[in-house]
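Results of the structural survey
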Amino acid sequence: MSPQTLTISIDPDAADAPFEQVRTQIADQARDGGLPVGYKLPTVRGLAEELGLAANTVAKAYRALETDGVIETRGRHGSFIAAAGDAAAKEAAAAAESYARRAHRLGLDRRAALAAVEDALRATYGADD
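In this convention, every chain numbers its residues from 1, walking through the sequence in written order. Local features in a predicted model are, by the rule used here, given only for residues with pLDDT of at least 70; side-chain atom pairs are given and counted only at 80 or more, and totals for whole chains, interfaces and linings are based on all residues. Side-chain numbers here rest on the full set of heavy atoms in the structure, without hydrogens or water.

Focus: the side chain of Gln 21
Secondary structure elements are defined from DSSP: runs of H or I of at least 4 residues count as helices, runs of E of at least 2 residues count as strands, and each element is numbered from the N terminus. By secondary structure assignment, the location of Gln 21 is in helix α1 (residues 18-31). The buried label goes to any residue with under 20% of its type's maximum accessible area, the exposed label to any with over 50%, and the partly exposed label to all in between, with areas taken from a 1.4 Å probe on protein chains only. Taking the relative accessible area as the measure of exposure, Gln 21 reaches 8% and is therefore buried. Here Asp 16 takes part through its backbone oxygen, which lies 2.9 Å from a polar atom of the side chain of Gln 21. Any pair of nitrogen or oxygen atoms within 3.5 Å is treated as a polar contact; in protein, a donor-acceptor pairing is required on top of that, and neighbouring residues in sequence qualify only through side-chain atoms on both sides.

Describing the packing of helix α2 (residues 44-51) against helix α3 (residues 55-67)
Taken N-terminus to C-terminus, the directions of α2 and α3 make an angle of 120 degrees; their axes are 8 Å apart at the nearest point. The angle between the axes of α2 and α3 places the two elements in the oblique class. For the pair α2 and α3, the crossing hand works out as right-handed. For the pair α2 and α3, the contacting residues are Val 44, Leu 47 and Ala 48 in the first and Ala 55, Val 58, Ala 59 and Tyr 62 in the second. Just so you know the grouping, Ala, Val, Leu, Ile, Met, Phe, Trp, Tyr, Cys and Pro go in nonpolar, Asp, Glu, Lys and Arg go in charged, and all remaining residues, Gly too, go in polar. Broken down by class, the residue content of the contact of α2 with α3 amounts to seven nonpolar, no polar and no charged. Axis geometry follows a simple rule: fit a line to the C-alpha atoms, using only the stretch in contact for helices, then measure angles between N-to-C directions, giving values from 0 to 180 degrees. Put simply, angles under 35 degrees are roughly parallel, angles over 145 are roughly antiparallel, angles from 65 to 115 are roughly perpendicular, and the rest are oblique. Should the near helix be turned anticlockwise from the far one by less than a right angle, the crossing is termed left-handed; should it be turned clockwise, right-handed. The contact criterion used throughout is that any non-hydrogen atoms of two residues lie within 4.5 Å.

Concerning the packing of aromatic side chains
Here a pair means two rings of Phe, Tyr or Trp (six-membered ring of Trp) with centres within 6.5 Å. Their orientation is stacked below 30 degrees between planes, edge-to-face above 60, and tilted elsewhere. Considering all chains together, one arrives at zero aromatic pairs under this definition. The lysine or arginine in question, Lys 60, covers the ring of Phe 19, its NZ or CZ lying 4.1 Å from the ring centre. A cation sits over an aromatic face here: Arg 74 above Phe 80, 3.9 Å from the ring centre. Any Lys NZ or Arg CZ that is within 6 Å of a ring centre and within 35 degrees of that ring's normal is treated as a charge sitting over the ring.

Examining α2
Taken as a whole, α2 has its buried residues at Leu 47, Ala 48 and Leu 51. One face of α2 carries all of its buried residues, which in axial projection span an arc of 100 degrees. Opposite the buried face of α2, at more than 90 degrees from it, the exposed residues are Arg 45, Glu 49 and Glu 50. Contact partners of the buried residues in α2: α1 and α3. Once α2 ends, the next one or two residues include Gly 52, with phi positive near 75 degrees. Working note: the arc is built from the helix axis to C-beta atom directions.

Digging into α3
To estimate how far a helix should reach, multiply one less than its number of residues by 1.5 Å. Taking 1.5 Å per residue as the helical rise, α3 with its 13 residues ought to reach 18 Å, and the 18 Å between its terminal C-alpha atoms agrees with that figure. Looking only at α3, the buried set comprises Val 58, Ala 59, Ala 61, Tyr 62 and Leu 65. Each buried residue of α3 lies within a common arc of 160 degrees when the element is viewed along its axis, so the set occupies one face. Exposed and oriented more than 90 degrees from the buried face of α3 are Asn 56, Arg 63 and Thr 67. Looking at the buried residues of α3, the elements they touch are α1, α2, β1 (71-73) and β2 (79-81).

Here you go:
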């Protein structure tokens, strides 16, 4: 079995900024198992050089991934894929609870609150998802 490796390609013509392309591709590979928990990511400088990006661009992506619980940074030891499933589910549940409380305070009934969520999901994920 071949070792799993990080594969990222940057499209300079894409609507998403390069840091977002890096963030999304790492998050997707972690989520689908392409990068297992504990996989050591390249250094910020190393990945930036490999992709032809500024180090700050990759650092911004790594910070966002760490905030999202996808990776964890262990000081000088580097950045690693974290066990993000539980963290992502917990964060999504907390966001949903916060939204539900806010919608209730605004006086929305359950149907209106759910419709707002469905509209937001369609806008974010697309109509077919």
